[in-house]
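# Close look at the chain arrangement
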Amino acid sequence: MKQIVRLEELGLCIFFTLIFFLFLNGIWTTFLALFFVPDLSFVAYLINKKIGAITYNLLHHRGGIILACIAGYFLQENWLISTGIIFLAHSSFDRMLGYGLKHFDSFQHTHLGWMGKRGKH
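Chain-level pLDDT for the protein chain is 92 on average; 96% of the residues reach the 70-or-more range. Element-level pLDDT for the protein chain is lowest in strand 2 (residues 113-114), with a mean of 82, against a maximum mean of 97 in helix 4 (residues 62-75).

A complete count under the given rule lists 1 salt bridge for this structure. Glutamate 9 serves as the salt-bridge partner of arginine 62, at 2.2 Å between the closest nitrogen and oxygen. Taken together, the positions of arginine 62 in helix 4 and glutamate 9 in helix 1 (residues 2-23) put the pair 53 residues apart, joining distant regions of the chain. Like glutamate 9, arginine 62 is buried.

Turning to the nonpolar core, a few remarks are in order. In terms of nonpolar packing, the biggest core is built from 15 residues, with Phe16, Phe20, Phe31, Ile85, Ile86, Leu88 and Ala89 touching the most fellow members. Taken together, the elements giving at least two residues each to this core come down to helix 1, helix 2 (28-35), helix 4 and helix 5 (78-96). Among the elements that take part in this core, helix 5 stands out by supplying 6 residues, more than any other. Among the nonpolar cores identified, the runner-up in size contains 5 residues, and Ala53, Tyr56, Phe107 and Met115 belong to it.

Below, the discussion takes up helix 4. When the terminal C-alpha atoms of helix 4 are compared, their 20 Å separation across 14 residues agrees well with the 20 Å that a helix rising 1.5 Å per residue should span. Of the surrounding secondary structure, the elements contacted by the buried residues of helix 4 are helix 1, helix 3 (49-60) and helix 5. One or two positions beyond helix 4, positive phi appears at glutamine 76, with a value near 55°.

A complete count under the given rule lists 16 aromatic pairs for this structure. An angle of 80° between the planes, with centres 6.3 Å apart, marks the rings of phenylalanine 36 and phenylalanine 93 as edge-to-face. Highlighted residues: phenylalanine 36 in the loop between helix 2 and helix 3 and phenylalanine 93 in helix 5, separated in sequence by 57 residues. For phenylalanine 36, a relative accessible area of 46% puts it in the partly exposed group.

Once that is clear, we can look at unusual backbone geometry. In the Ramachandran plot, asparagine 25 falls in the positive-phi region, its phi being about 50° despite a non-glycine side chain. Tracing the backbone through its elements, the reader meets asparagine 25 in the loop between helix 1 and helix 2. Positive phi outside glycine occurs at glutamine 76, with the angle close to 55°. Mapped onto the elements, glutamine 76 comes out in the loop between helix 4 and helix 5. By relative accessible area, glutamine 76 is classed as exposed at 68%.

What counts and what doesn't
Residues numbered from 1 in each chain as written. Predicted model: local features only at pLDDT ≥ 70, side-chain atom pairs only at ≥ 80, totals over all residues. Heavy atoms only, no water. pLDDT = per-residue confidence, 0-100. Helix = DSSP H or I, 4+ residues; strand = E, 2+ residues; numbered from the N terminus. Salt bridge = Lys/Arg side-chain N within 4 Å of Asp/Glu carboxyl O. Buried < 20%, exposed > 50% of the residue type's maximum accessible area, 1.4 Å probe, protein only. Core = buried A, V, L, I, M, F, W, Y, C linked by side-chain atoms within 4.5 Å. Expected span 1.5 Å × (residues − 1). Contact = heavy atoms within 4.5 Å. Phe/Tyr/Trp six-rings, centres within 6.5 Å; stacked < 30°, edge-to-face > 60°.

Here is the structure:
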C-alpha cells in the first residue's frame, strides 16, 4: 500500500509542477528557489520538538497551502498562488519520500506512521 501512496504523491508533485510551468508561466529559478523553503522549518526543531512540529506542519499542510492559493486568487496576487503551488509540489515530494505531518513527540512520528527503522510504538 505504501508504494501506491508514494506513486500517487509522485503524480501530485508532477501535476503541481506542471500547473506552475504551464498555467502560471513559472520560471525554473523561482521554482528551485522556493521548492525547499518549507524544509527550513527543520530549524525550529532546535528550539524543541513541539515548536518544530508546529512549524513543519504549518509549511507542509495542504489545507493551509490551498487556502493561501485561494487568497492569492481573490487578492489577485500571482506570487501567492505560485508560491502555494510550489509548496504543494514540495509537500507531495516529501510525502513521496515518506515524510508526513509531524506529531509532537518525535520528528520520525508522522501522520503516515513511523519513519525509518524505528518502527511502530
